[in-house]
Amino acid sequence: MVLTEHISTPEAALRAVDAATLQQARKVLAVHLSYPSRAAQRGRVPKEPSYFMKASSSLSLSGSAVERPAGTELLAFEGEIALIIGRTARRVGLEDAWSHVGAVTAANDLGVYDLKYADKGSNIRSKSGDGFTPLGPDLIPADRVDPGALRIRTWVNGELVQNDTTESLLFPFAQIIADLSQLMTLEPGDVILTGTPAGSSVAVPGDVMEVEVETLAHDGGAPLSSGRLTTTVVQGRGSFADYGSKPRITDQDRVEAFGSAAAAGLLPEAPVLTPELKAKLESVATATLSSQLRKRGLNNVSIDGLQSTRPERRVVGLARTLRYVPNREDLFKSHGGGFNAQKRAIDSVNEGDILVMEARGEKGTGTIGDILALRAQVRGAAAVITDGGVRDFTAVAGLDMVTYFANPHPAVLGRRHIPWDTDITIACGGATVQPGDIIVADADGILVIPPAIAAELVEDCIAQEQEEEFIFEMVRQGNSVDGLYPMNAQWQEKYTQWRAASRNR
């Protein structure tokens, strides 16, 4: 099959990727990082594209099964756009590079992170297993495509997990082709995998993965599509032999395979904030909580210096965290745009969560505005806490969700901050906050409660407030505070009697 024969194929009859397509591929080349969203996840933005190779025997067709090798855990999927070379390319320029592509289609760049350590960067073992590079199902003619106007989407068991476009690639397709052709001849049928966006994660036996490439615009007509590339994961049989590297994984491998520490289950286990515990925490004053925390030696658990958009409201919830670092223009280009850490944090808060932002007390710009605050409210967040500024203050203050902030400020985020990381230990308003900490906030202040002591703490707070209710009543009746506040043995006995009488009423 010669791919260039099909460039003028009508969209109603796109050629299918078939066995001949796979047999014609002498090389399978892959780009490490190309999408800004993926680079942000990895925490690094390369200045130039870098590559690895996969065995051509890893190619397979849509509808095939892929084995997760026996003894491995981390089979990761990566939905990608595949370029199929149509004309020989050697030392081609940027302006001519795209004309050497015959077609584009969907690909799934599968790999097992359990063997990554053994590859020493080559990805040969981890990425070249049989069936680890499915393509298809249809070829979209390259001359019908704007390479900067393609969409890549991936589904796992019907759930959309990757969705990005080629509009803002770190390295446009023409650059990749021209760069590779400087040293090697790209031959008709060769496959170039162009990188994956954020959202790649781990698949397990039984999972069905689907990848689709679609044009964003097509002469005013219907978009052209590769169709959905379908691959099912099955469990492999047969253990690895002793004469080769065996599967081995670290926590870092898990983070990279799943996409984040949270997805990998490596964050501190979040406590269950039961309705009963939450109700008790809502019933006691922050002053009482602060007193009991101090009795336990916890003197540095208050987030200080902030205002509230709704001072009459009291909120209790589990902390989610976001960290901003000082703006540096080159890093803002790689981490500040697109679906950055700020947007990921906002878009992942759950019902009742409190998003706590570390802004270093920097008051010279906004850290959240009306649209993202509204998104947090729609997601069910109980509150947003930032020790930085708030933009669109009137709109944010008009929301039902409470926002705690240092000051209003009209400037955009990028003036002083780069959104950097989520669900890590941060500092906010002079207090250390970890994901899963319990936050209690009202007009008196904001407290960070270690979850391990919350149940015991609140019971002591309830007892303290019952005692203070008695003391208040005794003072109201004209008694001196001497010996009453705090209570001596005589007053303790009277309090016991008062409590018994109160229960019998």
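In the block above lies the structure referred to throughout.
Report on the accompanying structure. (Residues numbered from 1 in each chain as written. Predicted model: local features only at pLDDT ≥ 70, side-chain atom pairs only at ≥ 80, totals over all residues. Heavy atoms only, no water.)

**With respect to the sheet that holds strand β20 (residues 366-368)**
Here comes step 1: In space, the three strands of this open sheet follow the order β20-β22-β24, with parallel pairing throughout. The open sheet has two edge strands with one neighbour each: β20 and β24 (407-408).
Here comes step 2: The pairing of strand β22 (residues 389-390) with β24 spans two bridges and is classified as parallel. Bridge pairing in β24 links Gly389 to Asn407. (Pairing = 2+ DSSP bridges. Helix = DSSP H or I, 4+ residues; strand = E, 2+ residues; numbered from the N terminus.)

**Some points on the nonpolar core**
Here comes step 1: If you look at the biggest cluster of nonpolar residues, it comprises 32 residues, and the most contacted ones within it are Ile81, Leu83, Trp98, Phe173, Ile177, Leu186 and Ile192.
Here comes step 2: Where this core is concerned, the elements lending two or more residues are β1 (28-31), β6 (79-85), β7 (101-108), β10 (150-156), α6 (173-180) and β14 (208-215).
Here comes step 3: With five residues, the top contributor of residues to this core is α6.
Here comes step 4: In this structure, Ile192 is in contact with Leu29, Ile81, Ala82, Leu83, Ile85, Ile176, Ile177, Leu180 and Leu186, ignoring residues within four places of it in sequence.
Here comes step 5: Met357, Ala359, Ala373 and Leu413 belong to the second-largest nonpolar core, a separate cluster that totals 21 residues. (Core = buried A, V, L, I, M, F, W, Y, C linked by side-chain atoms within 4.5 Å. Buried < 20%, exposed > 50% of the residue type's maximum accessible area, 1.4 Å probe, protein only. Contact = heavy atoms within 4.5 Å.)

**Digging into the pattern of salt bridges**
Here comes step 1: Under the definition given, this model contains 27 salt bridges.
Here comes step 2: The salt bridge partner of Asp109 is Lys54, with a shortest N-O separation of 2.7 Å. Note that Asp109 is positioned in the loop between β7 and β8 (111-112) and Lys54 in strand β2 (residues 51-54), a separation of 55 residues in sequence.
Here comes step 3: The class of Asp109 is buried, set by a relative accessible area of 1%.
Here comes step 4: Salt bridges here are not isolated pairs; linked through shared partners, they connect Arg38, Lys54, Glu78, Asp109 and Lys127. (Salt bridge = Lys/Arg side-chain N within 4 Å of Asp/Glu carboxyl O.)

**What about helix α9 (residues 286-295)?**
Here comes step 1: Residues of α9 that are buried include every one of Thr286, Thr288, Leu289, Gln292 and Leu293, and no others. Looking down the long axis of α9, one finds its buried residues gathered within 155 degrees of arc, a one-sided arrangement. Turned more than 90 degrees away from the buried face of α9 sit Arg294 and Lys295, all of them exposed.
Here comes step 2: For α9, the secondary structure elements touched by its buried residues are α8 (275-283), β28 (438-442), β29 (445-449) and α14 (454-476). (Arc of directions from axis to C-beta.)

**Structural notes on the sheet that holds β8**
Here comes step 1: In spatial order, the strands read β8-β5-β13; together these three strands make up an open sheet with antiparallel pairing. The open sheet is flanked by β8 and β13 (201-203), the only strands paired with a single partner.

**Here we look at the packing of α14 against helix α15 (residues 489-504)**
Here comes step 1: Axis separation between α14 and α15 bottoms out at 11 Å; the angle between their running directions is 100 degrees. In this view, α14 runs roughly perpendicular relative to α15, as classed from their interaxial angle. Of the residues in α15, those in contact with Ala463, Gln466, Glu467, Glu469, Phe470 and Met474 of α14 are Trp491, Gln492, Lys494, Tyr495, Trp498 and Arg499.
Here comes step 2: A per-class count over the contact of α14 with α15 returns six nonpolar, two polar and four charged. (Axes fitted to C-alpha atoms, helices over the stretch in contact; angles between N-to-C directions. Parallel < 35°, antiparallel > 145°, perpendicular 65-115°, else oblique. Nonpolar A, V, L, I, M, F, W, Y, C, P; charged D, E, K, R; others polar.)

**Notes on the packing of α8 against α14**
Here comes step 1: Where α8 contacts α14, the two axes come as close as 10 Å, and the packing angle between them is 40 degrees. With respect to each other, α8 and α14 are oriented oblique. Between α8 and α14 lies a crossing of left-handed hand. Contacts between α8 and α14 involve Leu277, Lys280, Leu281 and Ser283 from the former and Ala454, Ala455, Val458, Glu459, Ile462 and Glu465 from the latter.
Here comes step 2: Residue composition of the contact of α8 with α14, grouped by class: six nonpolar, one polar and three charged. (Left-handed = near helix turned anticlockwise from the far one by under 90°.)

**A few points about the packing of aromatic side chains**
Here comes step 1: One pass over the structure, following the stated rule, counts six aromatic pairs.
Here comes step 2: An aromatic cluster is built from Phe470, Trp491, Tyr495 and Trp498, whose rings are joined through pairwise contacts.
Here comes step 3: Directly above the ring of Trp155 sits Arg228, whose terminal nitrogen or CZ lies 3.5 Å from the centroid. (Phe/Tyr/Trp six-rings, centres within 6.5 Å; stacked < 30°, edge-to-face > 60°. Lys NZ or Arg CZ within 6 Å of the ring centre and 35° of its normal.)

**Let's talk about the side chain of Thr365**
Here comes step 1: Here Thr365 lies in the loop between β19 (354-358) and β20.
Here comes step 2: Once you skip the residues sitting within four places of it in the chain, Thr365 turns out to touch Gly389, His409, Ala411, Val412, Leu413, Arg415, Arg416 and His417.

**Details of the pairing of β1**
Here comes step 1: The side-chain alternation of β1 yields two buried faces, one formed by Val28 and Ala30 and the other by Leu29 and Val31.
Here comes step 2: Summarising the sheet, β1 and β2 pair through four bridges and their orientation is antiparallel. For Ala30, the partnering residue across the bridge sits in β2 and is Phe52.
Here comes step 3: Across three bridges, β1 lies against strand β12 (residues 191-193) in parallel orientation. Considered in β12, the bridge of Ala30 is made with Leu193.

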